[in-house]
Amino acid sequence: MKTNISAATIARTAALALALTNQLLSACGKPLLPIESQQLEQLLTSGITVAAALVSWWKNNSFTPEAIAADRYLSRLKQER
C-alpha cells in the first residue's frame, strides 16, 4: 500500500517551520525580514507565526501511513453517500 503525504500538508508544515524559525531569529535580534522598525518587524513576525500556526493546527495534517489510509477511507465513505 503506497502512502503519500499530500503537497498541502508539506506546504503547511514548511510555512509553520519558516514562521517559527523567523520568530526565533527575530527574538534573538537576527530577523529574516528586512524591516527597519523593530516594533513593526515584531508585529509582522508574530502575525505570520500566528497565522501559520492556526492554519497548520486547523487543517488535517496526515503524516503517518495509518492517518493517510484513514483519510482515503473517509473520502470513500463520503463518495458513497
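Above this text you will find the structure in question.
Residues numbered from 1 in each chain as written. Predicted model: local features only at pLDDT ≥ 70, side-chain atom pairs only at ≥ 80, totals over all residues. Heavy atoms only, no water.

Student: Can you lay out the overall build of the chain for me, pointing to particular residues and giving the numbers?
Tutor: When helices and strands are counted, the chain shows 3 helices and 0 strands. Walking the chain from its N terminus toward its C terminus, one meets helices and strands in the order α-α-α. Burial analysis of the chain (81 residues in total) assigns 15% to the buried set. Sequence-distant contacts, at least 24 apart, represent 58% of the contacts inside the chain between residues at least 6 apart. When the accessible surface of the chain is split by element, carbon and sulfur atoms take 66% of a total near 6,300 Å². (Helix = DSSP H or I, 4+ residues; strand = E, 2+ residues; numbered from the N terminus. Buried < 20%, exposed > 50% of the residue type's maximum accessible area, 1.4 Å probe, protein only. Contact = heavy atoms within 4.5 Å. Areas by Shrake-Rupley, 256 points an atom, 1.4 Å probe, with all protein chains shown as cover.)

Student: Provide a residue-level description of helix 1 (residues 7-27), including the pertinent values.
Tutor: Taking 1.5 Å of rise per residue, the 21 residues of helix 1 would be expected to cover 30 Å, and the 30 Å separating its terminal C-alpha atoms lies within 8% of that figure. Those residues of helix 1 lying buried are Thr9, Arg12, Ala19, Asn22 and Ser26. Seen end-on, helix 1 carries its buried residues on one side only, within an arc spanning 165 degrees. Opposite the buried face of helix 1, at more than 90 degrees from it, the exposed residues are Ala7, Leu18 and Leu24. In the core, the buried residues of helix 1 are packed alongside helix 2 (38-58). Two residues or fewer past helix 1, Gly29 is found with a positive phi of approximately 85 degrees. (Expected span 1.5 Å × (residues − 1). Arc of directions from axis to C-beta.)

Student: Residue-level account of a nonpolar patch on the surface, with values.
Tutor: Taken together, the side chains of Val50, Leu54, Trp57 and Trp58 define a hydrophobic patch exposed on the protein surface, amounting to about 560 Å² of accessible area. The topology assignment puts Trp57 in helix 2. (Patch = residues over 30% accessible without salt bridge, like charges linked within 9 Å, V, L, I, M, F, W, Y side chains within 5 Å. Salt bridge = Lys/Arg side-chain N within 4 Å of Asp/Glu carboxyl O.)

Student: I'd like a description of the side chain of Thr9, backed by residues and values.
Tutor: Residue placement: Thr9 occurs in helix 1. Within the structure, the side chain of Thr9 is placed 2.9 Å from the side chain of Ser6, a separation counted as a polar contact. Once residues lying within four places of it in the same chain are set aside, the contact partners of Thr9 are Asn60, Asn61, Ser62 and Phe63. (Polar contact = N/O pair within 3.5 Å; in protein donor to acceptor, adjacent residues only side chain to side chain.)

Student: Lay out the environment of Asn61 in plain terms, naming residues and giving numbers.
Tutor: With respect to the secondary-structure elements, Asn61 resides in the loop between helix 2 and helix 3 (65-80). A relative accessible area of 23% places Asn61 in the partly exposed class. On a C-alpha basis, the gap between Asn61 and Arg12 in space is 8.3 Å, while along the polypeptide they are 49 residues apart. Residue contacts for Asn61: discarding those within four places in its chain leaves Thr9, Arg12 and Ser56.

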